[in-house]
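The lines below spell out each chain.
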Amino acid sequence: MNRIGVSLALLILTAGAWPQQLKMPVNLDRLAAKASETTDITLNGRMLQLAAKFMNDQDDAEARSLVKKLRGIYVRSFQFEDEGEYSDSDIESVRSQLRSPLWEKIVGVRSKREGENAEIYFKGDASNQIDGLVIIAADPKELTIIHIDGPLDPSDLEKLGGDFGVPRVHIPAKPKPAKADAP
Amino acid sequence: MNQMDEKLKRALRRRNPSTGFADRLLARMAVDGIDMTPRIERPKWSWPTLRWAAIVTVIAITVTGISYRVHVHRSQEAEARIAKQQVMLALRITGAKLRIARDKVKAVGGEQTTPGDTL
Amino acid sequence: MTQNAGRFAELVREHQAMVFSIAFHFLHDSAVAEELSQDVFLSLYRELPRLESPSHVKFWLRKVISHRAMDYMRTIRRRRELALEQIPEPIGDAKLADPLLEASVRKLVASLPHQARMIVVLRYQEDMEPHEIGKVVGLPTATVKSRLHRSLAVLRGKAERLMGGPIR
C-alpha cells in the first residue's frame, strides 16, 4: 500500500477514534457566570431546517442556501469586565478535539502585545471538501468560539460578504492523491 | 429627575400592541374552545345540564382537533422565527470574527502564523 | 369577578399596553412580545377567579409577563445582541420628539443583562419603587437598588459614548 493509501487508511481508522461531533465543553458554562454578557446559540439540524423554511425574503436567499446544507451552528461568546477571567485551560478542551486528524488549522494568529489570538480550523471529509468550521477568537476581555457543522464552500462564505461582512477566504488547496485523479 | 432618567422614561413609555390585539386574543380563545358565556347558577346534575354537557363535549372534541393543529402551526412559526434570528446573529458574529482574523493576519504580516494561512 | 367576553375584553384593553410594553422593552421584539402577551392574558382568564381586586390583577400581570419574558430569553439562550443597530424597532404608535435618540436608548437598555434589564424597564416604564420591583422579579429590595444604580451608570456611560458628550 503506498503512502497516500496508508494516510487515507489512517485517516479513516483514526477518524473513528475521535468523536465526530465537536463538543462544547461544560466548563464553558462556568464562564457565563463571570461574564458581563454572554451569547449562547445552539442550532441543530432540525432548527436550521425550520429557520431555512422561513427565510423567504430575497435578502435571505444566500443565507438560506448556506444554512439548508448545515447540520448545526453553535456559538459561545463571553464578554468580561476585567482581564484574566478565563484562561487557556478553559479553551484547551475545545482545542484538544481540534487536534484530531479530521481538523486542520488554517489560521493561527497571536498578538503578544495585545494578548489577542485568532484561530480558524476547517474539517475535511473523505472527498476533501470542507465539512466544518471552528473559529476561536480569544481577546483579553472576550472569548468567542464558533462551530459551524456541515458542508461549506468558500464561495458560500464569500456570497455572505455583503450582508454579514464575511471576508473573502482563500482555502489553500490540499494536494490531491495522484491515484484519485485517474478517471 | 436628571437627564438620563428623563430619557429612559421617554424611551420606555408604554406603547400599544398592534391593532386588533384584543380581538385576536378573543378569536384565539374561541378557537381553543374557551367558554366565554356568562355562568348561570344551576343545580349540577339537572337533565338540561347533562344534555348540554354532552353537546359541548362533542363540540370540544371537534374543536380540539382543529385548535391543536392551529396551535402546532403557530408554535412552529414562532420557533422558526426565533431560529432565523439566531441564525442571522450567528452568521454576523462569524463574519465579524473572520474579518478580525483577516485583519490580524494582515497586520502581523505572517509573523507567528502557521504555514498555509491566508485570509 | 364575573367572566364574560365583554368584560374580559375590557380588561385586556385596559392592560394590554402595560403587558405588551414590558415584554417589548425587555425582548426588543414586538412579534414575540405580542405572542407572550397573548399567552399571559389567556392565563389571566383562568386565574381571574382567584384574583381579589384590580390592583391584584395588575400586580399579577406585571409579575407573570416579567417572568415569562425572562424565561423566554433563557429558553432561546440569546443573551446579547452583537450589534445594537441590528435590533429592529417595532411598529410604533408614539409620535416621538427624538425618535433616533429614543430608539438608541431602548437599544442600550436591551443590551443590559436580563435581570438588570427587567429592573430598568419596570422602574422607568411602570414607575415602580424598588420594593415593588423586588416583589415582581423575586429579589431583595437592596439587590434591586444596587442593580438599578449600576445599570444606570452603565447606561449613562454607553449613552455618553454614543452621543459624544456627558449626560447628567
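Residues numbered from 1 in each chain as written. Chains lettered and ligands numbered in written order. Predicted model: local features only at pLDDT ≥ 70, side-chain atom pairs only at ≥ 80, totals over all residues.

Topic: the overall build of chain B
Point 1. If you tally the helices and strands in chain B, you get three helices and zero strands.
Point 2. Starting at the N terminus, the α and β elements of chain B follow one another as α-α-α.
Point 3. Considering chain B as a whole, with its 119 residues, one finds that 20% of them fall into the buried category. (Helix = DSSP H or I, 4+ residues; strand = E, 2+ residues; numbered from the N terminus. Buried ≥ 20, exposed ≤ 12 C-beta atoms within 10 Å, placed from the backbone.)

Remarks on the sheet that holds strand β6 (residues 142-152) of chain A
Residue and element names in this part refer to chain A.
Point 1. Strand order across the open sheet formed by six strands is β1-β2-β6-β5-β4-β3, with antiparallel pairing between neighbours. Two strands in the sheet have a free side with no partner beyond their single neighbour: β1 (37-44) and β3 (103-111). Neighbouring strand axes in the sheet, compared pairwise and without regard to direction, differ in orientation by 10° on average.
Point 2. Pairing between strand β4 (residues 116-124) and strand β5 (residues 130-139): eight bridges, direction antiparallel. Residue I120 lies in a different strand from β5, and its bridge partner there is I135. (Pairing = 2+ DSSP bridges. Axes fitted to C-alpha atoms, helices over the stretch in contact; angles between N-to-C directions.)

Quick word on the nonpolar core
Point 1. With 48 residues, the main nonpolar core has A:L48, A:I73, B:V87 and B:A90 as its most contacted residues.
Point 2. Looking at this core, the element that brings in the most residues is helix α3 (residues 47-108) of chain B, giving ten residues.
Point 3. Sequence-distant contacts of B:V87, that is, excluding residues within four places in its chain, are made with A:L43, A:L48, A:A51, A:A63, A:V67 and A:I73.
Point 4. By size, the runner-up hydrophobic cluster in this structure holds 42 residues, among which are B:L12, C:V19, C:F20 and C:L122. (Core = buried A, V, L, I, M, F, W, Y, C linked by C-beta atoms within 7 Å. Contact = placed C-beta atoms within 7 Å.)

Topic: the environment of C:V64
Residues and elements named next belong to chain C.
Point 1. Position of V64 among the secondary structure elements: in helix α3 (residues 54-76).
Point 2. Separated by 73 residues in the primary sequence, V64 and V137 place their C-alpha atoms 9.3 Å from one another.
Point 3. Among residues more than four places away in sequence, those in contact with V64 are V40 and S43.

Focus: unusual backbone geometry
One can expect most non-glycine residues to show negative phi and most peptide bonds to be in trans.
Point 1. A positive phi angle, close to 55°, is found at C:H28, a residue other than glycine.
Point 2. Along the chain, C:H28 turns up in the loop between α1 (5-27) and α2 (30-47).

Side note on the pairing of strand β2 (residues 72-79) of chain A
Residues and elements named next belong to chain A.
Point 1. Most of β2 is tucked away: six of the eight residues are buried.
Point 2. With eight bridges connecting them, β1 and β2 associate as antiparallel partners. Paired with T42 across the strands is Y74, a residue of β2.
Point 3. Note: β2 against β6, eight bridges, orientation antiparallel. Among the inter-strand pairings, G72 is bridged to a residue of β6, identified as D149.

A short note on the packing of helix α2 (residues 21-31) of chain B against α1(C)
Point 1. Viewed as axis vectors pointing N to C, α2(B) and α1(C) meet at an angle of 135°, and their least axial separation amounts to 9 Å. Compared by their axis directions, α2(B) and α1(C) come out oblique. Seen along the crossing, α2(B) lies across α1(C) with a hand that is right-handed. Residues B:F21, B:A22, B:L25 and B:L26 of α2(B) form the contact with α1(C), whose own contacting residues are C:A5, C:A9, C:V12, C:R13 and C:Q16.
Point 2. Split by residue class, the contact of α2(B) with α1(C) holds seven nonpolar, one polar and one charged. (Parallel < 35°, antiparallel > 145°, perpendicular 65-115°, else oblique. Left-handed = near helix turned anticlockwise from the far one by under 90°. Nonpolar A, V, L, I, M, F, W, Y, C, P; charged D, E, K, R; others polar.)

A look at α2(C)
Point 1. Compared with an ideal rise of 1.5 Å per residue, which puts 18 residues at 26 Å, α2(C) spans 25 Å between its outermost C-alpha atoms and is within 8% of the ideal.
Point 2. Along α2(C), the residues that are buried comprise C:V32, C:A33, C:E34, C:E35, C:L36, C:S37, C:Q38, C:V40, C:F41 and C:L44. (Expected span 1.5 Å × (residues − 1).)

Here's the deal with the confidence of the model for chain C
Residues and elements named next belong to chain C.
Point 1. With 79% of its residues at a pLDDT of 70 or more, chain C has an overall mean of 81.
Point 2. Summarising per-element confidence for chain C, the mean pLDDT is lowest in helix α4 (residues 99-110) (82) and highest in helix α5 (residues 114-125) (94).
Point 3. Across residues 78-97, where pLDDT falls below 50, the model places 38 contacts with residues more than four positions away in sequence or in other chains.
Point 4. In the model output, the complex is listed with pTM 0.47 alongside ipTM 0.81. (pLDDT = per-residue confidence, 0-100.)

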